[in-house]
Amino acid sequence: MLNPRFAALGDNPFERLNRLLAGISPGANPILMSLGEPQHPPPDFVGEVLYAHRHLYGKYPPLGGTPEFLEAVAAWLRRRFALPDAAVVPARHILPLSGTREGLFLAPQIAVPAEKAGARPAALMPNPFYHAYAGAAVAAGAEPIYLATRRETNFLPDLETLAPALLDRTAVFYLCSPANPQGTVADLDYLRRLVRLAHEHDFVLLIDECYAEIYLDAPPPSALQAAIAETGNFERVLVFHSLSKRSNAPGLRSGFVAGDETLIGRFRTLRSYGGALPSFPVLAASTALWRDEAHVEHNRALYRRKFAIAERILGNRFGFYRPAGGFFLWLDVGDSENAAKHLWTSAGVKVLPGAYLARERAGEENPGAPYIRLALVHDDRDTEQALRRVAEAF
Ligand SMILES: Cc1ncc(COP(=O)(O)O)c(C=O)c1O
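Along every chain, residues carry numbers that run from 1 in the direction the sequence is written. Thresholds applied to this predicted model are a pLDDT of at least 70 for local features of residues and 80 or more for the giving and counting of side-chain atom pairs; totals over whole chains, interfaces and linings are not thresholded and use all residues.

Caption draft 1: Up close: the site of the ligand. Each residue gets a C-beta atom placed from its backbone. Should that atom fall within 6 Å of a molecule or strand, the residue is termed near it. Taken together, 14 residues surround the ligand, and among them Gly99, Thr100, Arg101, Ser242 and Ser244 come closest. A run of H or I in DSSP counts as a helix once it spans at least four residues, and a run of E counts as a strand once it spans at least two, with each numbered from the N terminus. Examining the composition of the shell around the ligand, we find that three residues originate from one element, helix H5 (residues 100–111), more than from any other. When residues are sorted by character, Ala, Val, Leu, Ile, Met, Phe, Trp, Tyr, Cys and Pro go into the nonpolar class, Asp, Glu, Lys and Arg into the charged class, and all the rest, Gly among them, into the polar class. The residue inventory of the shell around the ligand, partitioned by class, reads five nonpolar, seven polar and two charged.

Caption draft 2: Here's a closer look at helix H14 (residues 336–347). Along its 12 residues, H14 runs 15 Å from first to last C-alpha, staying within 8% of the 16 Å computed at 1.5 Å per residue. Those residues of H14 not exposed but buried are Ser336, Ala339, Ala340, Leu343, Trp344 and Ala347. Taken down its axis, H14 places every buried residue within 130° of arc, on the same side. Turning to H14, the residues buried within the fold contact helix H1 (13–21), strand S10 (349–350), strand S11 (352–353), strand S12 (371–375) and helix H15 (380–393). Downstream of H14 by one or two residues, glycine 348 has phi in the positive range, about 70°. In this analysis, the expected span of each helix is defined as 1.5 Å times one less than the number of residues it contains. Labels follow a simple rule on C-beta atoms placed from the backbone: if 20 or more others lie within 10 Å of a residue's own, it is buried; if 12 or fewer, it is exposed; otherwise it is partly exposed. This arc describes the spread of directions from the helix axis toward the C-beta atoms. Residues are scored as being in contact if the C-beta atoms we place from backbone atoms lie within 7 Å.

Caption draft 3: Representation of the nonpolar core within the structure. In this description, a nonpolar core means buried residues of the types Ala, Val, Leu, Ile, Met, Phe, Trp, Tyr and Cys, linked to one another by C-beta atoms lying within 7 Å. One finds Val172, Leu205 and Leu224 to be the most contacted residues of the largest nonpolar core, which totals 120 residues. Reported domain spans reflect what an automatic or database domain assignment gives. Taken domain by domain, this core gets at least three of its residues from each of domain 1 (4–41 + 295–393) and domain 2 (46–293). Apart from the residues lying within four places of it in its own chain, the contact partners of valine 172 are Ala107, Pro108, Ala111, Val112, Ala123, Ala142, Phe203, Val204 and Leu206.

Caption draft 4: Here's a closer look at the sheet that holds strand S9 (residues 328–332). Note on pairing: DSSP must find at least two bridges between two strands before they are called paired. If you trace the three strands from one edge of the open sheet to the other, you get S9-S12-S11, paired in antiparallel fashion. Of all the strands in the sheet, the pair left with one neighbour each is S9 and S11. Here S11 runs beside S12; their pairing, made up of two bridges, is antiparallel. Across the sheet, leucine 352 pairs through a bridge with arginine 373, a residue of S12. Between N-to-C directions, angles cover 0 to 180 degrees, with each direction set by a line fitted to C-alpha atoms, over the stretch in contact for helices. Seen against the sheet, H14 touches S11 and S12 and runs at an angle of roughly 45° to S12.

Caption draft 5: Seen up close, the sheet that holds strand S6 (residues 204–208). As summarised here, the arrangement of the seven strands in space is S2-S8-S7-S6-S5-S3-S4, forming an open sheet in which the pairing is mixed. Each edge of the sheet is formed by a strand with only one pairing partner; in this case those strands are strand S2 (94–97) and strand S4 (143–148). Averaged over all neighbouring strand pairs, the angle between strand axes comes to 20°, with direction disregarded. Across the sheet, helix H3 (residues 67–81) lies against S2 and strand S8 (255–259), angled at about 110° from S2, the strand it touches most.

Caption draft 6: Inspection of the domain arrangement of the protein chain at higher detail. Per the domain assignment, the segments making up the protein chain are domain 1 (4–41 + 295–393) and domain 2 (46–293). In this complex, domain 1 contributes 34 residues to the contact, which on the side of domain 2 involves 32 residues. Mapped onto the side of domain 1 that touches domain 2, the elements with two or more residues apiece are helix H13 (294–314) and S9. The greatest single-element share of the side of domain 1 that touches domain 2, amounting to seven residues, is contributed by H13.

Caption draft 7: Representation of the packing of H5 against helix H11 (residues 261–274). Where H5 contacts H11, the axes come no closer than 10 Å and their chain directions differ by 110°. With respect to H11, the axis of H5 lies roughly perpendicular. Contacts between H5 and H11 involve Leu106, Gln109, Ile110 and Ala111 on the former and, on the latter, Leu263, Arg266, Phe267 and Leu270. Split into classes, the residues belonging to the contact of H5 with H11 amount to six nonpolar, one polar and one charged. Working rule for angles: under 35 degrees goes down as roughly parallel, over 145 as roughly antiparallel, 65 to 115 as roughly perpendicular, anything else as oblique.

Caption draft 8: Fine view of the environment of leucine 32. With respect to the helices, strands and loops of the structure, leucine 32 is situated in strand S1 (residues 31–32). Between the alpha carbons of leucine 32 and valine 351 there is a distance of 6.9 Å; along the sequence they are 319 residues apart.

See the structure below:
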């Protein structure tokens, strides 16, 4: 017996891409720009701290993290987002995660009721979106509602067009800022509007801030700041942060969720039943990473340099722009599936079709369909070579 809920989800974007290119030989030595897996090395001290704590692999991980980890994260949150000291109580407002994906997937389990406003609960999310949001909504029994994000609305969902009846049955609202794939940063006004809507219509904000440390000029704000500005506390707001992008450690599987005290409490209980908890050595390495800014500043400089390379090579072709945050290029090529096939066949460059990151809705075309996503995760040389091939291929 299979759970029919999942049938509509289909394969994730990477499985679809593999199917699209199956059996096709690359036209040159392959360069994989499809996956957002940072290739800059993590700081050396990660390995050293893991090794120094290796005896603790013999212990089950603590459910709520270690005091050192929680304090390091709290200090980072206060410093990075200018939050009042007293607003962040480490053991009440923060929970470690084995990467943000785990938390983003589990969150609706604690926030989606059986029914809302007499109807099936809705999980709102941007379109295109990170695929975990849709899977999470479906697993929790909510209806995923995909909100188109286009250039005209600064690649953010247009909050003013949301029908009150839809907002009334909304249980969770996902937003990614800086956005994957477009790199848009939601400003404080936008986040404050979201917080007000969450209070007016009784839903929970799940704000994916895992790219918050990769930015061009201004550091992106957090929904936690918006919550404090609106209500003086974190009620109805959860934010998700990760060391995968900030510290180039996607394999460490380390992040955290922070915000609403009641929701964090429920999260802790849920994870005691089925969570994948970070081990003591991982928590120790993560503590050291959240305390250090030098490697993060260096990392940002590497990405800025690659966006400069991209600008030099692509100029104003394909609607090129330097995103405010994140490490993706989002290029308008007309037909993303054909373009991805063509780039692989003729140039050996693997890119992700925007069509696979978004859903088609009745009466609307797929908002990702014209775009390809390229992750600038390689070194300067490979990035330059890949982008030259892209420029020549069209
Ligand atoms: C938008 C977004 N959210 C969450 C994740 C998950 O990251 P992690 O689980 O490594 O923290 C990713 C990974 O690529 C992502 O792009």
